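Take a look at the letters that make up each chain.
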Amino acid sequence: MPYVITQTCCSDATCVAVCPVNCIHPTPQERAFGSTEVLHVDPVACIDCGACADACPVDAIHPADELTGPQKVFVAINAAYYADAPTPEPAAGSPIFHAWDRPAFERTLPADFPALRIAVVGTGPAGMYTAQDLLLHTNAEVILIDRLPVAGGLVRYGVAPDHPTTKKVGETFARFHKHPRVRMLLGVRAGEDVTVDEIAAHHDAVVYAVGASGDRRLGVPGEDRTGSLSATTFVAWYNAHPDVAPDAVDLSAERVVVVGNGNVALDVARILVADPDALAATDIADHALRALRDSAVREVVLLGRRGPEDAACTRPELLALAQLSGVELVVDDHDPRIAAAIDTAGPDDIAAVLRDVPRTAMDWSRPAGPGRRIVLRFHSEPRELAGDEGTAAIRSVRVTGAAGPTVIPAGMVLRAIGYQGTPVAGLPFDESSGTIPHEHGRVAGLPGTYVVGWIKRGSRGGIGANRACAAETVGTLLSDAVAGALSRPTASSKAFARLARRRGRHVVDARGMASIEQAELSRGRRLGRPRSKLATLPELVKASRRG
C-alpha cells in the first residue's frame, strides 16, 4: 500500500531526500517545486518503505489504507498528480525506476577553512532552517538572536492551535537550541538594544530572519473604528503573543466579517466558530480559550474580492473547512458568476472543492441564525466600516459587487489581506514590498549582511518554503566567505554576549528557554492540556530564571 501526503505537508522536501526510489515530486530541482500545494507520492513507484513518513517533520505522510474520513481525499489527490505521467521504467542497466540527479554539495567550505561565527537574527522557521544548514554543512558557530525571550517565531505564534502536527516542525528546530556550536541570546532587539553595526563587528556574517510582523491595511473609511483588527493581531492573541494583551479582542458580536480568503483568513474563521472543548486539547492561549467559551460569535463571513476560482487559500485548507464538524459552510450566491465558476471547475481547480457546498442568496437584514456558520462571499470588496452616529464602534460593513452596494451588519471586522515586513534600524528597506533589498540573500552595500524568509521574499510561502530560501542565502554567504568578501570580527562572541546583557533588560539563554518549556508543559498538565503558554513578557522572563 503506497504512502500518501496529506493536508499538513510543509513542502520542505525532507521526504524527497530520504526516498530510496525518488517517487516524491516535485523535487527541489524541478521547475514545479514551490508551486504545488503539497508534495505527492507516486502510488505506482512507492515501495511502502516508510522512510518519508519517518523523516516528515509535520506528520503529514501516512499509509493510504490508514487514512479515514476527510483525509481519504488525499489518496485521489496524490494519484491525480501522476495521472498523465508515463509509467516509470528502470533506467538502462539499473533496477531503479527513477533516475537521480547528480549529488550536489553546494553549501560546504574547504576542510582547512577557519570556523565562521554567524549571527542569525530571528528564531522562526527561516532563521532555524538557516542555522540547521550552517550547522550540518559547516563548522560554524551560530548565535541565535531574537527580540522575544522565547524562540519559535511563526511556528509558536503564527500556526493555528488546531494544527498541532504543523507545529511539530518546532521539535526539529528545538534540537539545535542545545547544539554545542549554538549560543542563544533571546530578548535582544536588533537595531535597538544592539545596533546593526555592533552585531556585524562581533561576527563574520549576520543573517536577518525577522519575518513580516506588520499587516496590510484596507484603506477604507472607518478602518480605525473599535472592532476593526488585523488578522495578525487576532492570530497573535489566540497564540499568546506577548505583544497583544489578553483583553485585546471582543467577541460580543454575533457576526464577524473577515476580509480575505487566504489560509490565514480560514484559520481565523475556523477558530472563531470552533468547539471550545476541542480547542482545549490544543495549546491555544488560556485567555483566548476563556473568551471563546463565552463568545457570542455564531457566523463568520469571508469576503473575497475575486471569484471562487481565484480563492487565495490552498485546496487542502478549503477541503478541511468544508468538512468542519458542527459548522455549516455556505456560499453566498449573490452573483451569477459564482455558480458558473463552481459548476465548470475542473477536478484540480480550487472552485471544485465547493461543488457540494450549499449556495444561498443571503439576506443580510436578518440576524445570524442558530448554530455556527461560515459564509463565503466572493466578488465583494469592502468600501466602508460604518457605525452608529456618535460612536466609534463598527456596526456594519458596506461592500460592493456586481449588484451594487450591500450592507452587512457586523460587530467586528478582521482584515486578512497579507503580512507586511517592517524596517530594521540600520538596514535598507523597500517600503513598497516590505522587504530588505538583496541579491540572492546578500544585502546590497553591507558586506557580511544577509536576509532570509519573509523579510527577503515578502510574505508568501509556508514554513517549508523557508528551507530552500535558507539554502540560497547560506550558499551566497559561503561563496562570499571563500572569496574573502567577509570581514573578520573585531571582538569575541563572549564580548557580544556581555554587550547584549548590558543593553537588554531580560536576556534569556538556552537554559532559560528550556525552563520556559518546562514551565508551560507543567502548567498544561495541571490544566489537563498539552501546554499552557505564558502570555506576557514578565511571565516568560520569570519562568526562564527558575532553571
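Residues numbered from 1 in each chain as written. Predicted model: local features only at pLDDT ≥ 70, side-chain atom pairs only at ≥ 80, totals over all residues. Heavy atoms only, no water.

*Asks:* Would you mind showing me how to read the pairing of strand β12 (residues 299-303) here?
*Replies:* Strand residues, when the strand is regular, have side chains that alternate between the two faces of the sheet. Across the five residues of β12, five count as buried, placing the element largely inside the fold. Pairing geometry for strand β11 (residues 255-259) and β12, over five bridges, is parallel. Note that in β12 the partner of Val258 across the bridge is Leu302. Pairing between β12 and strand β15 (residues 373-377): five bridges, direction parallel. (Buried < 20%, exposed > 50% of the residue type's maximum accessible area, 1.4 Å probe, protein only. Helix = DSSP H or I, 4+ residues; strand = E, 2+ residues; numbered from the N terminus. Pairing = 2+ DSSP bridges.)

*Asks:* Please clarify how the pattern of salt bridges should be interpreted in this entry.
*Replies:* Pairs may arise between side chains of opposite charge once their charged atoms sit close together. On inspection of all chains with the given rule, the structure shows 34 salt bridges. A salt bridge links Asp59 to Lys168, with the shortest nitrogen-to-oxygen separation between them at 2.7 Å. Of this pair, Asp59 sits in the loop between α2 (51-55) and β4 (61-63) while Lys168 sits in the loop between α6 (164-167) and α7 (169-174), placing them 109 residues apart in sequence. On the basis of relative accessible area, Asp59 is assigned to the partly exposed category, the value being 31%. (Salt bridge = Lys/Arg side-chain N within 4 Å of Asp/Glu carboxyl O.)

*Asks:* Before we go on, may I ask you to explain helix α17 (residues 493-503) in this structure?
*Replies:* Because an α-helix completes one turn every 3.6 residues, residues spaced three or four positions apart along the sequence face the same direction. Those residues of α17 lying buried are Ser493, Ala495, Phe496, Ala497, Leu499 and Ala500. Those residues of α17 that are buried are in contact with β5 (117-121), β6 (141-146), β7 (182-186) and α8 (196-201). (Contact = heavy atoms within 4.5 Å.)

*Asks:* Could you clarify how one ought to interpret the side chain of Asp480 in this entry?
*Replies:* Among the secondary structure elements, Asp480 is positioned in helix α16 (residues 465-482). Using a relative accessible area of 10% as the deciding quantity, one classes Asp480 as buried. A distance of 2.9 Å separates the side chain of Asp480 from the side chain of Arg442, its partner in a polar contact. (Polar contact = N/O pair within 3.5 Å; in protein donor to acceptor, adjacent residues only side chain to side chain.)

*Asks:* What exactly am I supposed to notice about the side chain of His40 here?
*Replies:* On the secondary structure map, His40 appears in strand β3 (residues 40-41). A polar atom in the side chain of His40 sits 3.3 Å from the backbone oxygen of Val38. Dropping the residues within four chain positions of it, His40 is found in contact with Ile5, Cys23, Ile24, His25, Pro26, Ile77, Asn78, Tyr81 and Tyr82.

*Asks:* Would you explain the sheet that holds strand β16 (residues 381-386) in this entry?
*Replies:* Across a sheet, paired strands are connected by hydrogen bonds in the backbone, their directions being either parallel or antiparallel. Read across the sheet, three strands follow the order β16-β17-β18 without closing on themselves; strand pairing throughout is antiparallel. What marks the edges here is a single partner per strand, and that holds for β16 and β18 (404-409). In this sheet, adjacent strand axes meet at a mean angle of 25° when their direction is disregarded. In this structure, β16 lies alongside strand β17 (residues 396-401), joined through five bridges in antiparallel fashion. Bridging from a neighbouring strand, Glu384 pairs with Arg398 of β17. (Axes fitted to C-alpha atoms, helices over the stretch in contact; angles between N-to-C directions.)

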